[in-house]
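Okay, here's what each chain looks like letter by letter:
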Amino acid sequence: MQKIGSSTTPSSQQQDKMREKINQRMDKIKHKLIIISGKGGVGKSMVAVNLAYGLLFQGKTVGILDIDILPCLKMPTLPLSGVVPSR
């Protein structure tokens, strides 16, 4: 790991290993949906949750990853059990 400022950044080799691991895991997921918008507060999380519930009630296995790709000051919109967000 390389120290940059006050944060630690993985080395190039470590990043390659992490990418490979992510690619292997993503290959196991048959269908992936991405809900995007160029504006905040339009209901993307609500749409994701409703789609997930609909698929769940059809007997599908679902998961949600709700993230802001661009830096944002808002807290995550989906609370995670046992996880307390830090700033």
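Report follows, based on the coordinates. (Residues numbered from 1 in each chain as written. Predicted model: local features only at pLDDT ≥ 70, side-chain atom pairs only at ≥ 80, totals over all residues. Heavy atoms only, no water.)

A closer look at the overall build of the protein
Our working definition: Numbering goes from the N terminus for both helices and strands, where a helix is a DSSP run of H or I of at least four residues and a strand is a run of E of at least two. Contact between two residues is taken to exist if any of their heavy atoms lie within 4.5 Å; hydrogens are not considered.
Along the protein, the regular secondary structure elements total 2 helices and 2 strands. Partitioning the contacts of the protein with sequence separation of at least 6, the portion at a separation of at least 24 is 9%.

Thoughts on a nonpolar patch on the surface
Rules: What goes into a patch is any residue over 30% in relative accessible area without a salt bridge, connected to like charges within 9 Å or, for nonpolar side chains (Val, Leu, Ile, Met, Phe, Trp, Tyr), within 5 Å. Exposure was quantified through the Shrake-Rupley algorithm and a 1.4 Å probe, taking into account, for residues, occlusion by the shown protein chains and nothing else. Any carboxyl oxygen of Asp or Glu that lies within 4 Å of a side-chain nitrogen of Lys or Arg is treated as forming a salt bridge with it.
On the surface, Leu33, Ile35, Val47, Leu51, Tyr53, Leu55, Leu56, Phe57 and Val62 cluster together into a nonpolar patch covering about 830 Å² of accessible area. Its location among the elements puts Tyr53 in helix α2 (residues 44-57).

With respect to the pattern of salt bridges
This structure, assessed with the given rule, holds 1 salt bridge. We note a salt bridge from Asp16 to Arg19, for which the minimum N-O separation is 3.4 Å. Here Asp16 pairs with Arg19, and both are found in helix α1 (residues 12-27), just 3 residues apart, close to one helical turn.

Details of α2
Using the following cut-off: Each helix should span, by expectation, one fewer than its residue count multiplied by 1.5 Å. Working definition: with a 1.4 Å probe on protein chains only, accessible area under 20% of the residue-type maximum means buried, over 50% means exposed, and in between means partly exposed. Taken from the helix axis, the directions to the C-beta atoms give the arc we talk about.
Here α2 contains 14 residues, and its C-alpha end-to-end distance of 20 Å stays within 8% of the 20 Å for a straight helix at 1.5 Å per residue. Taken together, the buried positions of α2 are Ser45, Ala48, Val49 and Ala52. Down the axis of α2, the buried side of the element spans an arc of 95°, and every buried residue falls inside it. Facing away from the buried side of α2, by more than 90 degrees, are the exposed residues Met46 and Phe57.

Structural notes on the packing of aromatic side chains
Put simply, the rule reads: Only the six-membered ring of Trp is used, alongside the rings of Phe and Tyr, when aromatic pairs are assigned; centres must lie within 6.5 Å, and planes under 30 degrees apart are stacked while those over 60 apart are edge-to-face, with the rest tilted.
For the coordinates displayed, the defined rule picks out 1 aromatic pair. Between the aromatic rings of Tyr53 and Phe57, the centroid separation amounts to 6.1 Å while the plane-to-plane angle is 20°, which identifies the pairing as stacked. Taken together, the residues Tyr53 and Phe57, both in helix α2 and 4 residues apart, mark about one turn of the helix. For Tyr53, a relative accessible area of 46% corresponds to the partly exposed category. We classify Phe57 as exposed; its relative accessible area is 70%.

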